[in-house]
Amino acid sequence: MSEEYRAMWEGLGINMRRHDMLLTALPEVYRQVYLSQQRRPQAMGFYDFVVSEIHGLRVKELMDHKATGGKVFGTFCVYVPDEVIIAAGGIAVGLCGGADFSVPTAEQILPRNLCALIKSAVGFNIGNVCPYFQAADLIVGETTCDGKKKTWEILDEYVPTYVMDLPNSRTAADRELWIGELKRFVDKVQATTGNTVTPQGLAEATSLINRKRAALDRLFELRRARPAPISGLDALLAVQISFYDDPARFTLKTNELCDELEARVKSGEGAAPARAKRILYAGTPMPIPFWTIPALIEGAGAVVVAEESCTGSRLLAGGQTAIPGDGIDSQLAAIADRQLQTNCACFTPNDARIDDILRMVHEYDADGVIHFSLSFCQPYNLEAVRVQKALQQAGVPVLLLEGDYSEAQTGQLKTRIEAFVETL
Ligand code: BJ8
């Protein structure tokens, strides 16, 4: 990375010694996990470039935006509407952590029995090693699981943290409550940016996000083909990058990738052999750079054909957001109606998630399901019990896994995944 970036990081208050350690380790991991794959689509070159610039170019774009008075919002959940932030001239970046590197730092202030996703993100912030965190003017949390909900109170002591109150059920009253929360969020975003969210601005932002969603949807549709035209690892990377890259550029590049995959499907070319066992991943999100589970599945000779996860199909739930022409209130209601179709395990009841998993097994012609929950994630670990039962009743092979981001667990996970793939 260039000297220009070093000056930028120092200006952001980054702990340069720790940051150098992080950026030194990443290229070798990436080479082993990603660049060693066979039959990769050429269009993956863009995503490789984005990773090679992980704390460089995009952070520079955020800083250029801030230099002209723009604001940056750090988010952790697909229920936080990027549309509203963009409509107010802001930039939204997903901050969920996927690295074990920052977990020990978080454990200095948080209980150890908390999921790795939360600890990783908080450790990046309080350890001053994540330029995205440092660049954010406002952190936006949400009341999903208890772990997140109580973490925001602690995080707010380090960095301004605003919390959206997401209901845990989906009755008509809950819908009204969430629409009210979206309105309150509009007020907060306007106050932070100094800009007004107009109906036209929100319509344009919703349309931009709809185009991004359509590109990702296209990617998922193409993965139904046999042989799978893209590895689960590469598809996951594209989704992970969608959380922080510029939406218009991401859409363009992902459509280019889909053009190439379409040609592959037509010619019968695959990233894995047609006989490779097809796995549906279900469970907790896999934020960048957590690639262990698809790496182990694909290392065992199978291919991940879809992810029922917020770094996967749950991100796309509800399809395209309607854009009604009768004002902001209707537009926010349309965003809420789309969002409330995301079947997070934090909801109860949440039977629709189980229906989604069963539907996806058929749509993606999956031979089996691997359900992975981060340790100490009660919503997904508990829901896994019902997911397993439903899949067993439907005669679909299923493996339940639990773990974190540490290297120490990889051996055990590898053994269990290889044994499962062997039985298929
Ligand atoms: S809508 S999945 S992005 S909350 S893994 S922090 S649930 S203890 S991430 Fe999520 Fe929104 Fe739901 Fe999706 Fe808690 Fe579990 Fe940790 Fe989790």
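Residues numbered from 1 in each chain as written. Predicted model: local features only at pLDDT ≥ 70, side-chain atom pairs only at ≥ 80, totals over all residues. Heavy atoms only, no water.

S.K.: Provide a residue-level description of empty space enclosed by the protein, including the pertinent values.
M.R.: For the structure on display, the rule yields 1 cavity of 30 Å³ or more. Phe 76, Leu 117, Ile 118, Ala 121, Val 122, Phe 133, Lys 148, Thr 151, Trp 152 and Leu 155 are the residues that line the largest cavity. Those elements giving two or more residues to the lining of the largest cavity turn out to be helix 7 (116–126) and helix 9 (146–155). The residue inventory of the lining of the largest cavity, partitioned by class, reads 8 nonpolar, 1 polar and 1 charged. (1 Å grid on protein atoms, 1.4 Å probe; cavity = no way out; pocket = protein on both sides within 12 Å on 5 of 7 lines; lining within 4 Å. Points joined across faces, edges and corners; volume = space filled by probe spheres on them. Helix = DSSP H or I, 4+ residues; strand = E, 2+ residues; numbered from the N terminus. Nonpolar A, V, L, I, M, F, W, Y, C, P; charged D, E, K, R; others polar.)

S.K.: I'd love a proper account of the sheet that holds strand 8 (residues 398–403), names of residues and values included.
M.R.: Reading across from one edge, 6-5-7-8 is the order of the 4 strands in this open sheet, with parallel pairing throughout. The open sheet has two free edges, formed respectively by strand 6 (303–308) and strand 8, since each of these has just one partner strand. Across the sheet, the axes of successive neighbouring strands diverge by a mean angle of 25°, strand direction being ignored. With 5 bridges connecting them, strand 5 (residues 278–283) and strand 6 associate as parallel partners. By the bridge assignment for strand 6, Arg 278 is matched with Val 303. (Pairing = 2+ DSSP bridges. Axes fitted to C-alpha atoms, helices over the stretch in contact; angles between N-to-C directions.)

S.K.: Could you give an account of the environment of Leu 237, naming the residues involved and the relevant values?
M.R.: Relative to the elements of secondary structure, Leu 237 occurs in helix 12 (residues 232–242). Along the sequence, Leu 237 and Trp 291 sit 54 residues apart, while their C-alpha atoms lie 8.5 Å from each other. Every residue in contact with Leu 237, bar those within four places of it in the chain, is listed here: Tyr 30, Tyr 34, Met 44, Tyr 47, Val 51, Ile 288 and Trp 291. (Contact = heavy atoms within 4.5 Å.)

S.K.: Describe unusual backbone geometry, with residues and values.
M.R.: Following Arg 226, the chain continues to Pro 227 via a peptide bond in cis, the omega torsion being 0°. Along the chain, Pro 227 turns up in the loop between helix 11 (199–222) and helix 12. The step from Thr 348 to Pro 349 runs through a cis peptide bond, and the omega angle for that step is -5°. Relative to the helices and strands, Pro 349 resides in the loop between helix 16 (328–339) and helix 17 (351–363). Positioned with a positive phi, Asn 128 is a non-glycine residue whose angle comes to about 55°. With respect to the helices and strands, Asn 128 occurs in the loop between helix 7 and helix 8 (131–135). Even without being glycine, Phe 376 reaches a positive phi, approximately 70°. Inspection of the secondary structure puts Phe 376 in the loop between strand 7 (368–374) and helix 18 (378–393).

S.K.: Before we move on, could you go through the site of the ligand and cite the residues and values that matter?
M.R.: Residues in contact with the ligand amount to 17 residues; listed here are only the nearest, Cys 115, Cys 145, Cys 310, Cys 344 and Cys 377. Grouping the constituent residues of the shell around the ligand by class yields 13 nonpolar, 2 polar and 2 charged. (Near = heavy atom within 4 Å.)

S.K.: Which residues make up the nonpolar core, and what values do they have?
M.R.: Residues Tyr 47, Phe 133, Phe 185, Leu 237 and Trp 291 are the most contacted members of the largest nonpolar core, which totals 146 residues. Residues contacting Tyr 47, with those up to four places away along its chain left out, are Tyr 30, Leu 237, Ala 238, Ile 241, Phe 250, Lys 253, Thr 254 and Leu 257. (Core = buried A, V, L, I, M, F, W, Y, C linked by side-chain atoms within 4.5 Å. Buried < 20%, exposed > 50% of the residue type's maximum accessible area, 1.4 Å probe, protein only.)

S.K.: Summarise the side chain of Gln 240; cite the residues concerned and give the values.
M.R.: Mapped onto the secondary structure, Gln 240 falls in helix 12. Look at Gln 240 and you get buried, because its relative accessible area is 3%. Residue contacts for Gln 240: discarding those within four places in its chain leaves Met 286, Pro 287, Ile 288, Phe 290 and Trp 291.

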